[in-house]
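Below, each chain spelled out in residue letters.
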Number of protein chains: 2
Amino acid sequence: MAVGDLHFHEHRVARELKEKRNQHKSRVIWFTGLSGSGKSTVANATEKILHDMGLQTYILDGDNVRMGLNKDLGFSPEDRTENIRRITEVAKLFADSGSIVLTAFISPYRADRDKARGIISNEDFIEVFVNADLSICEDRDPKGLYKKARAGEIKGFTGIDAPYETPLNPELILETDKKDIETCAQIVVDYLAEEGIISK
Amino acid sequence: MAVGDLHFHEHRVARELKEKRNQHKSRVIWFTGLSGSGKSTVANATEKILHDMGLQTYILDGDNVRMGLNKDLGFSPEDRTENIRRITEVAKLFADSGSIVLTAFISPYRADRDKARGIISNEDFIEVFVNADLSICEDRDPKGLYKKARAGEIKGFTGIDAPYETPLNPELILETDKKDIETCAQIVVDYLAEEGIISK
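Below, the structure is looked at part by part.

Conventions used here
- Residues numbered from 1 in each chain as written.
- Chains lettered and ligands numbered in written order.
- Predicted model: local features only at pLDDT ≥ 70, side-chain atom pairs only at ≥ 80, totals over all residues.
- Heavy atoms only, no water.
- Helix = DSSP H or I, 4+ residues; strand = E, 2+ residues; numbered from the N terminus.
- Rg over C-alpha atoms; globule rule 2.2 N^0.38 Å.
- Buried < 20%, exposed > 50% of the residue type's maximum accessible area, 1.4 Å probe, protein only.
- Contact = heavy atoms within 4.5 Å.
- Lys, Arg positive; Asp, Glu negative; His and termini not counted.
- Charge placed at Lys NZ, Arg CZ, Asp CG, Glu CD.
- Buried area = accessible area lost by both parts, 1.4 Å probe.
- Salt bridge = Lys/Arg side-chain N within 4 Å of Asp/Glu carboxyl O.
- Expected span 1.5 Å × (residues − 1).
- Pairing = 2+ DSSP bridges.
- Axes fitted to C-alpha atoms, helices over the stretch in contact; angles between N-to-C directions.
- 1 Å grid on protein atoms, 1.4 Å probe; cavity = no way out; pocket = protein on both sides within 12 Å on 5 of 7 lines; lining within 4 Å.
- Points joined across faces, edges and corners; volume = space filled by probe spheres on them.
- Phe/Tyr/Trp six-rings, centres within 6.5 Å; stacked < 30°, edge-to-face > 60°.
- Lys NZ or Arg CZ within 6 Å of the ring centre and 35° of its normal.
- Core = buried A, V, L, I, M, F, W, Y, C linked by side-chain atoms within 4.5 Å.
- Least-squares fit on C-alpha atoms with pLDDT ≥ 70 in both.

### Things to note about the overall build of chain A
For step 1, the next point in the chain: Along its length, chain A carries eight helices and five strands.
For step 2, the next point in the chain: In terms of overall size, chain A behaves like a compact globule, its C-alpha atoms giving a radius of gyration of 17 Å where 200 residues would be expected to give roughly 16 Å.
For step 3, the next point in the chain: Based on the C-alpha atoms only, the size of chain A along its principal axes is roughly 55 × 50 × 30 Å.
For step 4, the next point in the chain: By residue count, 56% of the 200 residues in chain A fall in the buried class.
For step 5, the next point in the chain: The long-range share in chain A, meaning contacts at least 24 apart out of those at least 6 apart in sequence, stands at 74%.
For step 6, the next point in the chain: Averaging the coordinates of the 28 positive side-chain charges in chain A and doing the same for the 34 negative ones gives two points 2 Å apart.

### Describing the interface of chain B and chain A
For step 1, the next point in the chain: Counting from both sides, the interface comprises 55 residues of chain B and, opposite them, 55 residues of chain A.
For step 2, the next point in the chain: Note on chain B versus chain A: buried area summed over both sides is about 5400 Å², and carbon and sulfur give 59% of it.
For step 3, the next point in the chain: Counting across the interface, chain B meets chain A through six salt bridges.
For step 4, the next point in the chain: Between R12(A) and D61(B) there is a salt bridge, with its nearest N and O atoms 2.6 Å apart.

### Thoughts on helix α8 (residues 181-194) of chain A
All names here are of chain A.
For step 1, the next point in the chain: Along its 14 residues, α8 runs 20 Å from first to last C-alpha, staying within 8% of the 20 Å computed at 1.5 Å per residue.
For step 2, the next point in the chain: Here α8 has its buried residues at C184, A185, V188, V189, Y191, L192 and A193.
For step 3, the next point in the chain: Once α8 finishes, G196 follows within two positions and takes phi at roughly 75°, a positive value.

### With respect to the sheet that holds strand β2 (residues 57-61) of chain A
Residue and element names in this part refer to chain A.
For step 1, the next point in the chain: If you trace the five strands from one edge of the open sheet to the other, you get β2-β3-β1-β4-β5, paired in parallel fashion. The open sheet terminates on both sides in strands that have one partner only, identified here as β2 and β5 (172-175). Averaged over all pairs of adjacent strands, the angle between their axes in this sheet comes to 20°, without regard to strand direction.
For step 2, the next point in the chain: Packing of helix α5 (residues 110-120) onto the sheet brings it into contact with β1 (27-32) and β4 (125-131), and relative to β4 it is tilted by some 155°.

### Considering empty space enclosed by the protein
Residues and elements named next belong to chain B.
For step 1, the next point in the chain: Throughout the structure, instances matching the rule amount to one cavity of 30 Å³ or more.
For step 2, the next point in the chain: Each pocket or cavity is described by its volume, and for the largest cavity that value is around 50 Å³.
For step 3, the next point in the chain: In this structure, the largest cavity is lined by T81, I84, R85, T88, D112, K115, A116 and I119.
For step 4, the next point in the chain: Elements supplying a minimum of two residues to the lining of the largest cavity: α4 (77-96) and α5 (110-120).

### Overview of the sheet that holds strand β2 (residues 57-61) of chain B
All names here are of chain B.
For step 1, the next point in the chain: Pairing in this open sheet of five strands is parallel, and the strands run β2-β3-β1-β4-β5 from one edge to the other. Taken across any chain shown, the strands that pair with only one partner, and hence form the sheet edges, are β2 and β5 (172-175). Across the sheet, the axes of successive neighbouring strands diverge by a mean angle of 20°, strand direction being ignored.
For step 2, the next point in the chain: Inspection of the sheet shows strand β4 (residues 125-131) paired to β5 by four bridges, in the parallel sense. From the neighbouring strand, V130 faces β5, where its bridge partner is L174.
For step 3, the next point in the chain: Relative to β2, helix α2 (residues 39-52) is tilted by about 170°, and along the sheet it contacts β1 (27-32), β2, β3 (100-104), β4 and β5.

### Quick word on the packing of aromatic side chains
Aromatic rings considered in pairs are described by the distance between their centres and by the relative angle of their planes.
For step 1, the next point in the chain: Inspection of the entire model under this criterion finds nine aromatic pairs over all chains.
For step 2, the next point in the chain: Summarising the aromatic geometry, the rings of W30(B) and F125(B) are spaced 5.5 Å apart at their centres and angled 40° between planes, so their arrangement reads as tilted. Linking W30(B) in strand β1 with F125(B) in strand β4, this pair joins segments that are 95 residues apart in sequence.
For step 3, the next point in the chain: On the accessibility criterion, W30(B) (0% relative accessible area) is buried.
For step 4, the next point in the chain: An aromatic cluster of three or more residues is present, and its members are Y58(A), F94(A), Y58(B) and F94(B).
For step 5, the next point in the chain: For the cation-ring pair, R66(A) lies above F75(A), with the distance from its terminal atom to the ring centre recorded as 4.0 Å.

### Things to note about the nonpolar core
For step 1, the next point in the chain: Ranked by size, the top nonpolar core spans 36 residues in total, and within it L60(A) and L60(B) carry the most contacts.
For step 2, the next point in the chain: Elements supplying a minimum of two residues to this core: β1, β2, α4 (77-96) and α5 of chain A together with β1, β2, α4 and α5 of chain B.
For step 3, the next point in the chain: When near neighbours in sequence (up to four residues on either side) are disregarded, L60(B) contacts L93(A), V65(B), I87(B), V90(B), A91(B), F94(B), V101(B), L102(B), T103(B), A104(B) and F105(B).

### Some thoughts on the relation of the copies chain B and chain A
For step 1, the next point in the chain: Overlaying chain B on chain A yields an RMSD of 0.0 Å, the required transformation being a rotation through 180° with an accompanying axial translation of 0.0 Å. On the angle and the small slide along the axis, the relation comes out as a two-fold axis. Closest approach to the rotation axis within chain B is made by the C-alpha atom of V90(B), at a distance of 3.6 Å.
For step 2, the next point in the chain: Interface residue correspondence from chain B to chain A reaches 100%, placing this contact among same-surface, isologous pairings.

### So, the pairing of strand β3 (residues 100-104) of chain A
Residues and elements named next belong to chain A.
For step 1, the next point in the chain: Counting buried positions along β3 yields five of five residues, so the element is predominantly enclosed.
For step 2, the next point in the chain: In terms of strand pairing, β1 meets β3 through five bridges, oriented parallel. In the strand pairing of β3, W30 is matched with T103.
For step 3, the next point in the chain: Where β2 meets β3, five bridges bridge the pair, whose relative direction is parallel. Across the sheet, L60 pairs through a bridge with T103, a residue of β3.

In structure tokens:
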């Protein structure tokens, strides 16, 4: 049975109606950056502001996705690519459901992020580069992972012995080594308001 | 890098707060049945009623999932199991986001559906057996798939040369060969109200 044998059912409740219910547009806010850069922390702070404004939001991050949907995947380049592909498709479904979905993954490869933008659509995809110097991320080391990577206990760790490809043209750059978390989250919220995605 | 190295971030907006925003509880309504039994049609009709009541809803079905997240999977027993596993995990995320998510998949294997219930939680999982005689499904044949299966053009088609394992203890049974679509959809909505999941 080929996928070509499937057809879209008409009459489903359209995204536009879900957006109307929620009184804001759907978007995927894609946070990318090194481990320890503050992706999840900023994403959580951003979601809190948006939720308190009454918006329909959700966060996808390494924790809830790696322990469920992608628990069959490791950290090889191929598995990282499949990890991001699945997250992309799930984020697209959430956008289709009328949500503002915030994804917080290292997503180190430019090609994977560009593919995400292509699948989700340029209009719906907001790339947020959470930028902090490697040395600072390594100092923070909230989960002790850099220490393990330096000790050789973890192989293929982004920034140590696996690459991080810096975004060339992100919608936003947040310098979490220069600004505090609340300020960074507010930058994202202000962007959404300026773009007419949410009401001020 | 082992998954055990990941930790749940605190301070995310809890499901309970999202449910409070939406003024209803989250659930996964799992429609299962033969091709042509009316799963997607009833799911769409149910969603329309719930959306018109002001609820946050989403449908996952073979069409939007098979063309995206699961486009790497075929219809072998292993791929069907992986298909349902991924759908289960995505449905769980939607429930966590405060949505009532309706899934419409043949999901022919009892073990896969029971696993879905276990992963999602017994409380959140509402199994709806969309029951119509094979002969009627085959007469309807909305996508011409039974015809192809009978002609041997499609292999491993549920009900023809692949098994469908009838639910033993579903929360609801909808006899779409005896009742019309709107009546079936209303049965689901009434169930949600009786269970206190939505307000009447």
